[in-house]
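Commentary on secondary and tertiary structure
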Amino acid sequence: MYNNGLQNELDIVNVLDGKTYKELPEFWQAKMRQLYRIISDDDKIECYKCVHDQKSDISIKVGTYKWNISIKSGGYVSVHEERISTFVGFLRSLGINEKLLDTLKLYHYGDGTLDGTGDVHKDLDTIKKEMCDEIEAFNKAVNEPEILYRIIMRFICCGTPIQRSYVTHIYYGNHEDGMMLNAKTIVEYICSGYASNLTSIHFGPFIYTPGYRGLENFDKNNVRRYYIKIKWPSLIRDMREAKEWYFKNRDLNKEKTIEK
């Protein structure tokens, strides 16, 4: 599943676009039933690549129904990027205080400054050691369920306001095999009490890194210095566990309804 990302998306589009349900491979028939339980043999599927920079990679349509899919493949998956200035503003809007926001900036630039103007650039292990207490306080604040929900929705569903898209499902795999899950189910699962022992800045299982740290041959003109990158190394495990969590809760809710 270590496909080139764009080619992987185009391969999936080619499998689906213009086909009727009965013409699809059995694997994709199952995935279409997951999206649309009452799909019929002669229902025609439209599938196309979304425009660059949207959170969704492809859209699938059947009649008037539409689903926006984020396609993931490979390991240590990157799920979100934006300027640190806009992300800090977003966290501020959620009520994260200025002291904690300064912690994020110091962690991001790693040069003892809040804006990347320092001369000595430290590696992550040194930063984590020197800022252990501050990082712990930051992580505690941003991993509160209500705040975490809003943050993760930005990472995998909504993106920044200029992206103007909404992901309904996440698919990990290629055009022949993979797994798919409702994105909101994944977000709700993570916010339901996800346990993490990460000592770096993180949001549930999502790991924060600067777009460029440049410890060797540092280039002060590299614009990636001012961007954040969010990675999801446990994506496969989390999707599987979120699916189990969903069905377990669904069955429990059915039992409670019957008891009433």
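For the structure itself, consult the block above.
Attention here is on the structure that accompanies the text.

Definitions and cut-offs
- Residues numbered from 1 in each chain as written.
- Predicted model: local features only at pLDDT ≥ 70, side-chain atom pairs only at ≥ 80, totals over all residues.
- Heavy atoms only, no water.
- Helix = DSSP H or I, 4+ residues; strand = E, 2+ residues; numbered from the N terminus.
- Buried < 20%, exposed > 50% of the residue type's maximum accessible area, 1.4 Å probe, protein only.
- Contact = heavy atoms within 4.5 Å.
- Areas by Shrake-Rupley, 256 points an atom, 1.4 Å probe, with all protein chains shown as cover.
- Phe/Tyr/Trp six-rings, centres within 6.5 Å; stacked < 30°, edge-to-face > 60°.
- Lys NZ or Arg CZ within 6 Å of the ring centre and 35° of its normal.
- Salt bridge = Lys/Arg side-chain N within 4 Å of Asp/Glu carboxyl O.
- Disulfide = S-S within 2.5 Å.
- Axes fitted to C-alpha atoms, helices over the stretch in contact; angles between N-to-C directions.
- Parallel < 35°, antiparallel > 145°, perpendicular 65-115°, else oblique.
- Left-handed = near helix turned anticlockwise from the far one by under 90°.
- Nonpolar A, V, L, I, M, F, W, Y, C, P; charged D, E, K, R; others polar.
- Pairing = 2+ DSSP bridges.
- Core = buried A, V, L, I, M, F, W, Y, C linked by side-chain atoms within 4.5 Å.

1. A closer look at the overall build of the protein
Helix and strand content of the protein: 9 helices and 9 strands. When each of the 260 residues of the protein is scored for burial, the buried share is 47%. Here the analysis covers contacts within the protein between residues at least 6 apart in sequence; of these, 63% occur between residues at least 24 apart. Taken as a whole, the protein presents about 14,200 Å² of accessible surface, with 49% of it coming from carbon and sulfur.

2. Examining the packing of aromatic side chains
This model, assessed by the stated rule, comprises 19 aromatic pairs. Through pairs of rings, three or more aromatic residues link up here, namely Phe87, Phe90, Tyr107, Phe138, Phe155, Phe203, Phe206, Tyr208 and Trp232. The positively charged end of Arg154 is found above the aromatic ring belonging to Phe90, 4.2 Å away from the centroid. The lysine or arginine in question, Arg224, covers the ring of Tyr227, its NZ or CZ lying 4.6 Å from the ring centre.

3. Concerning the pattern of salt bridges
For the coordinates displayed, the defined rule picks out 8 salt bridges. Glu98 is paired through a salt bridge with Arg92; the nearest N and O atoms lie 2.6 Å apart. Glu98 sits in the partly exposed class, given a relative accessible area of 39%. Taken together, the shared-partner salt bridges connect Glu81, Arg224 and Lys229 into one network.

4. Description of helix α2 (residues 26-35)
Taken together, the buried positions of α2 are occupied by Phe27, Trp28, Gln29, Lys31, Met32 and Leu35. In this fold, the buried residues of α2 make contact with α1 (5-16), β1 (45-49), β2 (58-62), β3 (65-72), β5 (169-173) and β6 (178-182).

5. Concerning the state of the cysteines
As enumerated under the stated definition, the model contains 0 disulfides in all. Between Cys158, a cysteine without a disulfide, and Cys157, which holds the nearest cysteine sulfur, the sulfur-to-sulfur distance is 5.8 Å.

6. What to know about the packing of helix α4 (residues 98-109) against helix α6 (residues 132-142)
Where α4 contacts α6, the two axes come as close as 9 Å, and the packing angle between them is 120 degrees. In terms of orientation, α4 and α6 fall into the oblique class. Once α4 is placed against α6, the crossing between them reads as left-handed. Counted together, Leu100, Thr103, Leu104 and Tyr107 of α4 and Glu134, Ile135, Ala137, Phe138 and Ala141 of α6 form the full contact between these two elements. Each residue belonging to the contact of α4 with α6 can be placed in one class, and the counts come to 7 nonpolar, 1 polar and 1 charged.

7. Things to note about the sheet that holds β1
The strand order across the open sheet built from 5 strands is β1-β2-β3-β5-β6, with neighbouring strands paired in mixed fashion. Bordering the open sheet on either side are β1 and β6, each of which pairs with just one other strand. When the angles between neighbouring strand axes are averaged without regard to direction, this sheet yields 25 degrees. Bridging between β3 and β5 involves 4 bridges; their strand directions are parallel. Following the sheet pairing, Ile69 is matched in β5 by His169.

8. Focus on the nonpolar core
Counting residues in hydrophobic clusters, the biggest one holds 49 residues, and the most contacted among them are Leu91, Ile156, Phe203, Phe206 and Tyr208. A total of 8 residues in this core trace back to one element, the largest contributor, which is helix α7 (residues 145-158). Formed by 22 residues, the second largest nonpolar core is a distinct cluster that contains Leu16, Cys47, Trp67 and Ile69.

9. Thoughts on the sheet that holds strand β7 (residues 202-203)
The antiparallel open sheet is built from 4 strands, whose spatial order is β4-β9-β8-β7. The open sheet has two edge strands, β4 (77-83) and β7, and neither has a second partner. When β4 meets strand β9 (residues 227-232), the two strands line up antiparallel, connected through 6 bridges. Looking at the pairing, Val77 lines up with Trp232 of β9. Contacts from helix α3 (residues 84-93) reach β4, β7, β8 (206-210) and β9, with the element oriented near 90 degrees to β4.

10. Thoughts on the environment of Gly118
Within the fold, Gly118 resides in the loop between α4 and α5 (124-130). Excluding its chain neighbours within four sequence positions, the residues that come into contact with Gly118 are Asp111 and Thr113.

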